[in-house]
Amino acid sequence: MKQVLIVEDEEKISEVLALYLDKAGYDNKVISDGSEVVDWVKANEPTLILLDLNLPNKDGIDICKEVREFSSLPIIMITARVDEIDRLLGLEFGADDYICKPFSPREVVARVKANLRRTQEYSNVDASKDSGLAIDEERYQALLDGQMLELTPVEFRILKALANPMGSVWSRDKLLDRMYDDQRAVGDRTVDSHVTNLRKKLEAVRSDSDCIHSIYGVGYKLEL
């Protein structure tokens, strides 16, 4: 059974989320103290995390950054902060999605299903034998020159788009369509932030190469 970790310090909210996720067929675990989350994730490897931004002892942004150091599992941020800067920060540090309070529990379950579906519905693809890039869509993994790239699910979907076919130019709008299933209000800065993070990870393997090129006024293309 897929396990969802609910990180929320408001008991009524966590109880409702746990109830709805249980009815949808998901096992779940609730943690209310931010300082306990990272160690629990390392020991138990949940399928997805619902992560509140404001938590006692350690906030959601710090938790997200630490989890991203060792795992690419989907993370959905839950926040009462509605300004674009906080939304962007949550995505920059490795979150895959966000939900703003107040929310419908049914919406949360739908977002959980959508994020898990994106990570599991694909089959293996070799992006290019000559490029040194191999994409394993079944496992949501990518290797460059034989080295594993520690990508978030959003970064993986961007890489997959840019690599098929290699060298094609993708506009920000087209990348947004690949990043998210729904028609959310996400700006160009969010796309640019994810691309910047992906570029850094590629260039950590190929330090002498500009892997992702910005095409002024158009978008991005990948050249390996």
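Residues numbered from 1 in each chain as written. Predicted model: local features only at pLDDT ≥ 70, side-chain atom pairs only at ≥ 80, totals over all residues. Heavy atoms only, no water.

(A) Main features of the nonpolar core. Counting 27 residues, the largest nonpolar core has L159, L175, L202 and L222 as its most contacted members. Of all the secondary-structure elements, those providing two or more residues to this core are β7 (133-136), β8 (141-144), α6 (153-162), α7 (172-179), α8 (188-205) and β12 (219-222). Counting residues per element, this core draws most heavily on α6, which supplies 6 residues. Grouped together as the second largest cluster of nonpolar side chains are 21 residues, W40, C64, V67 and L73 included. (Core = buried A, V, L, I, M, F, W, Y, C linked by side-chain atoms within 4.5 Å. Buried < 20%, exposed > 50% of the residue type's maximum accessible area, 1.4 Å probe, protein only. Helix = DSSP H or I, 4+ residues; strand = E, 2+ residues; numbered from the N terminus.)

(B) Examining the side chain of D52 more closely. In this structure, D52 sits in strand β3 (residues 48-52). Relative accessible area serves as the criterion here: at 3%, D52 is assigned to the buried category. Among the polar contacts listed, one links the side chain of D52 to the side chain of K101, at a separation of 3.4 Å. When near neighbours in sequence (up to four residues on either side) are disregarded, D52 contacts V7, E8, D9, G60, I78, T79 and K101. (Polar contact = N/O pair within 3.5 Å; in protein donor to acceptor, adjacent residues only side chain to side chain. Contact = heavy atoms within 4.5 Å.)

(C) Spatial organisation of α7. All buried positions along α7 are accounted for by L175, L176 and M179. Looking down the long axis of α7, one finds its buried residues gathered within 105 degrees of arc, a one-sided arrangement. Exposed side chains of α7 directed beyond 90 degrees from the buried face belong to D173, K174 and D177. (Arc of directions from axis to C-beta.)

(D) Up close: the sheet that holds β12. Taken in spatial order, the 3 strands line up as β10-β12-β11 in an open sheet, and their pairing is antiparallel. The strands lining the two open edges of the sheet, one partner per strand, are β10 (169-171) and β11 (212-215). Within the sheet, the average angular offset between the axes of one strand and its neighbour, ignoring direction, is 30 degrees. The strands touched by α8 within the sheet are β11 and β12, with β11 carrying the most contacts at an inclination of about 145 degrees. (Pairing = 2+ DSSP bridges. Axes fitted to C-alpha atoms, helices over the stretch in contact; angles between N-to-C directions.)

(E) Representation of the pairing of strand β5 (residues 97-100). Residues D97 and I99 point to one face of β5 and Y98 and C100 to the other, with burial holding for every one of them. With 4 bridges connecting them, strand β4 (residues 75-79) and β5 associate as parallel partners. Note that in β5 the partner of I76 across the bridge is D97.

(F) Seen up close, the confidence of the model for the protein chain. Taken residue by residue, the protein chain gives an average pLDDT of 84. The fraction at 70 or more is 86%. In the predicted structure, residues 121-126 sits below a pLDDT of 50 and forms 17 contacts with residues beyond four places in sequence or in another chain. (pLDDT = per-residue confidence, 0-100.)

(G) Quick peek at the pattern of salt bridges. Within the structure shown, the criterion is met by 11 salt bridges. For D96, the salt bridge identified is with R68, shortest N-O distance 2.9 Å. In this pair, D96 sits in the loop between α4 (84-92) and β5 while R68 sits in helix α3 (residues 60-68), placing the two residues 28 residues apart along the sequence. Relative accessible area serves as the criterion here: at 0%, D96 is assigned to the buried category. Residue class for R68 comes out buried when judged on its relative accessible area of 12%. Here R111 ties to E107 by a salt bridge, and the two come within 3.3 Å at their closest N and O atoms. A residue pair is termed a helical-turn pair when its members lie 3 or 4 positions apart in one helix, as R111 and E107 do in helix α5 (residues 105-120) at 4 residues. Residue R111 is classed as buried on the basis of its relative accessible area of 16%. Under the relative-accessibility criterion, E107 is labelled partly exposed at 31%. Residues participating in the shared-partner salt-bridge network are E8, E10, D52 and K101. (Salt bridge = Lys/Arg side-chain N within 4 Å of Asp/Glu carboxyl O.)

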